Amino acid sequence: MRRTGCVRFIVIAAALVLAAGCDRSQRDAPAVPPDAVTRGAVSETPSGGDDAAPEAGGTFALTVPGRGVLTLMLPAGMTASPAESSVPGGAAVRLEGTGPEPYVITLTVVGVPGMMPGFGTGAWLAEELDRWKNALPEPGLAADAVPVEFQLDAVHGLYLNLEDPSLQPGQYPYLLQGFFDVDGCIVAFQTLHHASRASAVNRFLAVLKDADWQPETAPPRDAVPPQPPETETPPDVPAAY
């Protein structure tokens, strides 16, 4: 009986030591960092789901004839395709995002600052947004809407986030419209989406933050045009008296 009691005591003690070691290893294990947020994007992390960091969505180069190239950094889940520009001499791209709710962005490059007197200034951006609002099918729906200023790094402008004034069954219930100076080019930016909170539109505008504008190079203004080769000058002829 005594030997059996000793054996039982040894087994129980070993189990307690093993349990303590497991508990210590769990307490000493490093904490798992939260999912990385895509650079420039602001969004809420849903509960559950895959813990892997999102992969980059690539880039899209929008060429504006005679002006330059606007390169967009696309987040994961976004696709890009050329779109027809409503602005003569401009260029447009259609961006589609998948989650957490789908949305469609139409970005149109309308010009560069200074190509006309006052074009692209803060006052021009505000006036252009006001003209767009007054041209809505039902301007009364946006009469009391106050433009929101947006400025981040090399991007600044104004936008409105409204219930879609011309909503059709099955379409997006909200519409964002803005005009921005993006790294030296002026763009019109429209998004059809499902976000009711104004703070949620940051993830749409994030596509502007990392955009890179490269204007076409032009010859220096002080460049001297080539001159024709010099010819020998005949000797002076004395004047006749």
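Residues numbered from 1 in each chain as written. Predicted model: local features only at pLDDT ≥ 70, side-chain atom pairs only at ≥ 80, totals over all residues. Heavy atoms only, no water.

Q: Please explain the nonpolar core as it appears in this structure.
A: Within soluble globular proteins, side chains that are nonpolar tend to cluster in buried spots. Grouped together as the largest cluster of nonpolar side chains are 33 residues, with contacts concentrated most on Leu70, Leu107, Phe180, Phe189 and Leu208. Among the elements of the structure, strand 1 (59-64), strand 2 (68-73), strand 4 (91-97), strand 5 (103-111), strand 7 (155-163), strand 8 (174-182), strand 9 (185-193) and helix 3 (202-209) are those that each provide at least two residues to this core. Dropping the residues within four chain positions of it, Leu70 is found in contact with Phe60, Ala61, Leu62, Leu107, Val109, Val182, Cys185, Val187, Ala211, Asp212 and Trp213. Membership of the second largest hydrophobic core comes to 16 residues, among which are Phe119, Ala145, Leu175 and Ile186. (Core = buried A, V, L, I, M, F, W, Y, C linked by side-chain atoms within 4.5 Å. Buried < 20%, exposed > 50% of the residue type's maximum accessible area, 1.4 Å probe, protein only. Helix = DSSP H or I, 4+ residues; strand = E, 2+ residues; numbered from the N terminus. Contact = heavy atoms within 4.5 Å.)

Q: Would you take a moment to explain the pattern of salt bridges for this structure?
A: Two side chains of opposite charge can pair, provided their charged atoms sit close to one another. Throughout the structure, instances matching the rule amount to 5 salt bridges. The shortest N-O distance in the salt bridge between Glu128 and Arg131 comes to 2.2 Å. Note that Glu128 and Arg131 are positioned in helix 2 (residues 122-134) at a spacing of 3 residues, about one turn of the helix. The exposure class assigned to Arg131 is partly exposed, which follows from its relative accessible area of 44%. Across the pair Lys209 and Asp153 runs a salt bridge, and its minimum N-O distance is 3.5 Å. Of this pair, Lys209 sits in helix 3 while Asp153 is found in the loop between strand 6 (148-152) and strand 7, placing the two residues 56 residues apart along the sequence. Residue classification places Asp153 among the exposed positions, given a relative accessible area of 58%. A cluster of three or more residues bridged by salt bridges with shared partners is formed by Asp153, Lys209 and Asp210. (Salt bridge = Lys/Arg side-chain N within 4 Å of Asp/Glu carboxyl O.)

Q: When you look at the packing of aromatic side chains in this model, what are you seeing that I'm missing?
A: Geometrically, a pair of aromatic rings is defined through the distance of the ring centres and the angle of the planes. Counted according to the given criterion, the structure contains 4 aromatic pairs. Here the aromatic rings of Tyr103 and Phe204 are separated by 4.8 Å at their centres, their planes lie at 50°, and the arrangement is tilted. With a gap of 101 residues between them, Tyr103 in strand 5 and Phe204 in helix 3 connect regions that are remote in the sequence. The two residues Tyr103 and Phe204 agree in class, both being buried. Through pairs of rings, three or more aromatic residues link up here, namely Phe150, Phe180 and Phe189. (Phe/Tyr/Trp six-rings, centres within 6.5 Å; stacked < 30°, edge-to-face > 60°.)

Q: Sorry, what's going on with the environment of Trp213 here?
A: Residue placement: Trp213 occurs in strand 10 (residues 212-215). What makes Trp213 buried here is its relative accessible area of 5%. Remark: the alpha-carbon pair of Trp213 and Gly68, spanning 145 residues in sequence, is separated by 7.2 Å. Those residues within four positions of Trp213 in sequence are excluded, and the remaining contacts are Val64, Arg67, Gly68, Val69, Leu70, Val112, Val182, Asp183, Gly184 and Cys185.

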